[in-house]
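Residue-level listing of the chains:
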Amino acid sequence: MTDRRRERLAALSSRLSAEKIDALVLSSLANIRYLTGFSGSSALLIATPSELHLITDFRYETQVADEVGDIAQVRIEPVSLWTGLWGLLQSIPSVELVGFESAHLLHRDFQRLLSQGSRWQWRPQLNLVEDLRETKDEDEITLILEAGAIATNALARTFPSIHAGMTELEIAGVLEKALRDEGSEEAPFPPIVASGPRSALPHARASSRVVEKGDFLLIDFGAQHGGYCSDVTRTFVMGVPTAEQCDVFGVVRDANHIAAHSIRVGMTGAQADALARSYIEHCGHGEGFGHSLGHGIGLEVHEAPRLASTAKVVLRAGSVVTIEPGIYRPGWGGVRIEDDVHLSANGPQILTNFSRELLEIV
Ligand code: ZN
Ligand code: ZN
């Protein structure tokens, strides 16, 4: 893998200059990982156009040296990250106007900036690093592809052991074990296993409901590899499907296919969303598709860009997005089919491959 941290820091540095801020305090751990490689859970990063300082605590002394190397000056802070921050900012005399990540700072910590940090001027900043992260390089795309393969291999391993009479939680447990066995570092989010009427809840957690014959079984889960996430959904049927189940499933499958193959760099997020939505509406199921088509994926499971009817941003080459149309009918059930798609300049590349037919679990 190519070490691209210096390129990323150079890009950030020119953004700091454009924003006319002397320094940026980063508190998003995903942004800190992207810029420095540090994967610990406690850190502040201070970037000026020419310097980079990472503050963490004693627990990470060895790890931070291994992961960060000489890309940043590291400070192990015994009291608190904030005490470290004040000391550090004082040591850089030219710093007056300091940006902070307004999407990643608790109000309590913002108040610290105004009280203990009152000798500096503070300016909220949005998406300075997220915007860089939106365009993935080939190594990042490979990591997401591998995270996708871990997820689909884990599902293939889980599939034969699913049967009517298991609870959703039991199925989630088998899947979580399979994800670990396949090499997932952690679950990017708790797997959704939703059966029968619960499959109509787009964000159901696994419950103690017993899966019965005739149910839809919707499984939405992901894997993590090298810090990068995948996010996959498949819907199965317990036993032989009814004509109505086949009909709804077919519409979602075709909407997924149309959107995943027709999405292009240069479209807006809204135009991409419309690829699936207009088809689902045309088939008479528009009311059942109440969420947006998809989201960017990378170091975080939800990141830029959004594929939604309100998203005006233009899709860029190198983005990776989910395509996840669904149709939900309260009390009856729901179907969602979700894949991760790399938007290359030459067209979409689907990164998650597992049957998109309605598989029957006997
Ligand atoms: Zn998902
Ligand atoms: Zn998703």
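## Things to note about the coordination of the zinc ion (ligand 1)
Step number 1: Donor atoms from the polypeptide that coordinate the zinc ion (ligand 1) comprise Asp-220 (OD), Asp-220 (OD), Asp-231 (OD) and Glu-338 (OE), at 2.0 to 2.6 Å from the metal.
Step number 2: Coordination at the zinc ion (ligand 1) comes from four donor atoms whose angles at the metal span 55 to 150°, giving a geometry best classed as irregular.
Step number 3: One chain supplies every donor for the zinc ion (ligand 1), spaced along it as D-x10-D-x106-E.
Step number 4: Distance-wise, the zinc ion (ligand 2) is placed 3.2 Å from the zinc ion (ligand 1), both being coordinated by Asp-231. One end of the pair, Asp-231, is in the loop between β10 (228-229) and β11 (232-238); the other, Glu-338, is in the loop between β16 (333-336) and β17 (339-344), with 107 residues separating them in the sequence.

## Some details on the domain arrangement of the protein chain
Step number 1: Each assigned domain of the protein chain is listed here: domain 1 (5-132) and domain 2 (135-361).
Step number 2: Between the C-alpha centres of domain 1 and domain 2 the distance comes to 35 Å.
Step number 3: At the interface, six residues of domain 1 touch nine residues of domain 2.
Step number 4: Between domain 1 and domain 2 the total buried area reaches about 620 Å² when both faces are included, carbon and sulfur atoms providing 41% of it.
Step number 5: For the domain 1 face of the interface with domain 2, the top three residues by lost area are Ala-30, Arg-33 and Asp-131, together amounting to 52%.

## Quick notes on unusual backbone geometry
Step number 1: Looking along the chain, the bond that leaves Ala-304 and enters Pro-305 is cis, with omega of 0°.
Step number 2: If you trace the backbone, Pro-305 turns up in strand β13 (residues 303-307).
Step number 3: Even without glycine at this site, Lys-20 takes up a positive phi of about 60°.
Step number 4: Notably, Asn-127 is not glycine yet its phi reads approximately 65°, a positive angle.
Step number 5: Examined against the element boundaries, Asn-127 turns out to sit in the loop between β6 (121-125) and α6 (128-134).

Calculation rules
Residues numbered from 1 in each chain as written. Chains lettered and ligands numbered in written order. Predicted model: local features only at pLDDT ≥ 70, side-chain atom pairs only at ≥ 80, totals over all residues. Heavy atoms only, no water. Donors = N, O, S within 2.8 Å, 3.2 Å for Na, K, Ca; no water. Tetrahedral: all angles 85-135°; square planar, octahedral: opposite > 155°, others 65-115°. Helix = DSSP H or I, 4+ residues; strand = E, 2+ residues; numbered from the N terminus. Domains from an automatic or database assignment. Contact = heavy atoms within 4.5 Å. Buried area = accessible area lost by both parts, 1.4 Å probe.

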